[in-house]
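Inside the fold
Residues per chain, in single letters:
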Amino acid sequence: QVQLVEAGGGLVQAGGSLRLSCAASGRTFSTYAKGWFRQAPGKEREFVAAITWTGGNTYYADSVRGRFTISRDNAKNTVYLQMNSLKPEDTAVYYCAVSACSGYRCYDRNNYDYWGQGTQVTVSS
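Read on for an overview of the structure.

Topic: the overall build of the chain
Of the regular secondary structure elements, the chain holds 0 helices and 11 strands. Listing the helices and strands of the chain from first to last along the sequence gives β-β-β-β-β-β-β-β-β-β-β. The C-alpha atoms of the chain give a radius of gyration of 13 Å, which matches the 14 Å a tight globule of 125 residues would have. Overall size of the chain, expressed as C-alpha extent along the three principal axes, is 40 × 25 × 25 Å. The proportion of buried residues among the 125 residues of the chain is 42%. Sequence-distant contacts in the chain: of pairs separated by 6 or more residues, those separated by 24 or more amount to 58%. Counting only carbon and sulfur atoms, one obtains 45% of the accessible surface of the chain, whose full area is about 6,300 Å². In the chain, 13 positive and 9 negative side-chain charges are present, and the distance between their average locations comes to 4 Å.

Here is what the cut-offs are and how they apply
- Residues numbered from 1 in each chain as written.
- Predicted model: local features only at pLDDT ≥ 70, side-chain atom pairs only at ≥ 80, totals over all residues.
- Heavy atoms only, no water.
- Helix = DSSP H or I, 4+ residues; strand = E, 2+ residues; numbered from the N terminus.
- Rg over C-alpha atoms; globule rule 2.2 N^0.38 Å.
- Buried < 20%, exposed > 50% of the residue type's maximum accessible area, 1.4 Å probe, protein only.
- Contact = heavy atoms within 4.5 Å.
- Areas by Shrake-Rupley, 256 points an atom, 1.4 Å probe, with all protein chains shown as cover.
- Lys, Arg positive; Asp, Glu negative; His and termini not counted.
- Charge placed at Lys NZ, Arg CZ, Asp CG, Glu CD.

See the structure below:
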């Protein structure tokens, strides 16, 4: 059974940092792209960042570019999201996901096949 388990969420003040991780089990996703999405109350789930299976290409939403960094460790079947300079508007449940996507397709949540259960990130002002 495939499982994606996120960790690292929590409460942080504006300007602070958090590092999310997402560990996969049940199968190896070393040749899949991995992404992070987030969903705030009353809003649709939105793309945050994605990384190709080699790690050679990364994609970011405009709202987080320059503040967030996505990375992966294929040996550990894990993807990370380093979040710096956090803002109250970053408050959301953050989900990791896995996809066979490439390029612009990695921005679309409909192209992701497996999802984690989410981890709450709350940024206070």
